[in-house]
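Okay, here's what each chain looks like letter by letter:
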Amino acid sequence: MIRQCLLILLSLQLVACGGGGDDSGSSGGSQPAAPAPANESKFEDLVIPEGFKFKSAYPITVNIDLDTRETLFLNIYGRYSEATDGTPIPDSSSRLISGPMQEGKFKGKLTITSQRTSLLVEAWFQDGARQPFRQIISLPTNEIVITD
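Residues numbered from 1 in each chain as written. Predicted model: local features only at pLDDT ≥ 70, side-chain atom pairs only at ≥ 80, totals over all residues. Heavy atoms only, no water.

1. A few points about the overall build of the chain
And step 1. On a plain count of helices and strands, the chain comes out with one helix and nine strands.
And step 2. The helix and strand sequence of the chain, counted from the amino end, reads α-β-β-β-β-β-β-β-β-β.
And step 3. When each of the 148 residues of the chain is scored for burial, the buried share is 23%.
And step 4. In the chain, of all internal contacts separated by at least 6 residues, the share reaching a separation of at least 24 is 64%.
And step 5. Accessible area for the chain stands at about 11,500 Å²; split by element, carbon and sulfur atoms hold 55% of it. (Helix = DSSP H or I, 4+ residues; strand = E, 2+ residues; numbered from the N terminus. Buried < 20%, exposed > 50% of the residue type's maximum accessible area, 1.4 Å probe, protein only. Contact = heavy atoms within 4.5 Å. Areas by Shrake-Rupley, 256 points an atom, 1.4 Å probe, with all protein chains shown as cover.)

Now the structure itself:
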């Protein structure tokens, strides 16, 4: 019985390891693969364009003071399109800030990626009957100041 168990165990080991040879599955002799061509570029050969920055994002201070006693609802978007009449239409998936503005005031910071070229700032009145405040901010900048 012990001999049969050992025989089965040894048979399984031989089957599991594949009986030797290379991984290619061919029964003939193996030939070494051709070496890949060496890339002769060196770090010293890299050329960095003038004005290139390694930072992919930067902080912006936001200070908004709209002259009102009302509570407004603020949205800042990273992407938007324009309607035929020129009105900006925000891309809701790009919303960066959203929340109430007590008496039309907001102070805060946000981080913007270097690829952004502009932002859309919207402040909506709670009654919904009046047109919202909208302003497009050109980037890059380190501070957004809006007063009305």
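2. Describing unusual backbone geometry
The phi torsion of most residues other than glycine is negative, and most of the peptide bonds are trans.
And step 1. Look at the link from Leu139 to Pro140: it is a cis peptide, with omega at 5 degrees.
And step 2. As for its position among the elements, Pro140 is in the loop between strand E8 (133–138) and strand E9 (143–147).
And step 3. In this model, Glu103 sits at a positive phi of 55 degrees, which is unusual for a non-glycine residue.
And step 4. Relative to the elements of secondary structure, Glu103 occurs in the loop between strand E5 (95–101) and strand E6 (105–113).
And step 5. Judged by relative accessible area, Glu103 falls into the partly exposed class, the value being 36%.

3. Concerning a nonpolar patch on the surface
And step 1. A contiguous nonpolar patch, built from Ile48, Phe52 and Phe54 and spanning about 390 Å² of accessible area, is present on the exposed surface.
And step 2. Counting through the fold element by element, Ile48 comes out in the loop between helix H1 (2–17) and strand E1 (57–65). (Patch = residues over 30% accessible without salt bridge, like charges linked within 9 Å, V, L, I, M, F, W, Y side chains within 5 Å. Salt bridge = Lys/Arg side-chain N within 4 Å of Asp/Glu carboxyl O.)

4. A word on the pattern of salt bridges
And step 1. Scanning the entire structure with this criterion turns up six salt bridges.
And step 2. Close ionic contact of Glu70 with Arg130 constitutes a salt bridge, the shortest N to O distance being 2.6 Å. Taken together, the residues Glu70 in the loop between E1 and strand E2 (72–77) and Arg130 in the loop between strand E7 (118–125) and E8 connect sequence positions 60 residues apart.
And step 3. Look at Glu70 and you get partly exposed, because its relative accessible area is 29%.
And step 4. Members of the salt-bridge network, linked through shared partners, are Glu70, Asp127 and Arg130.

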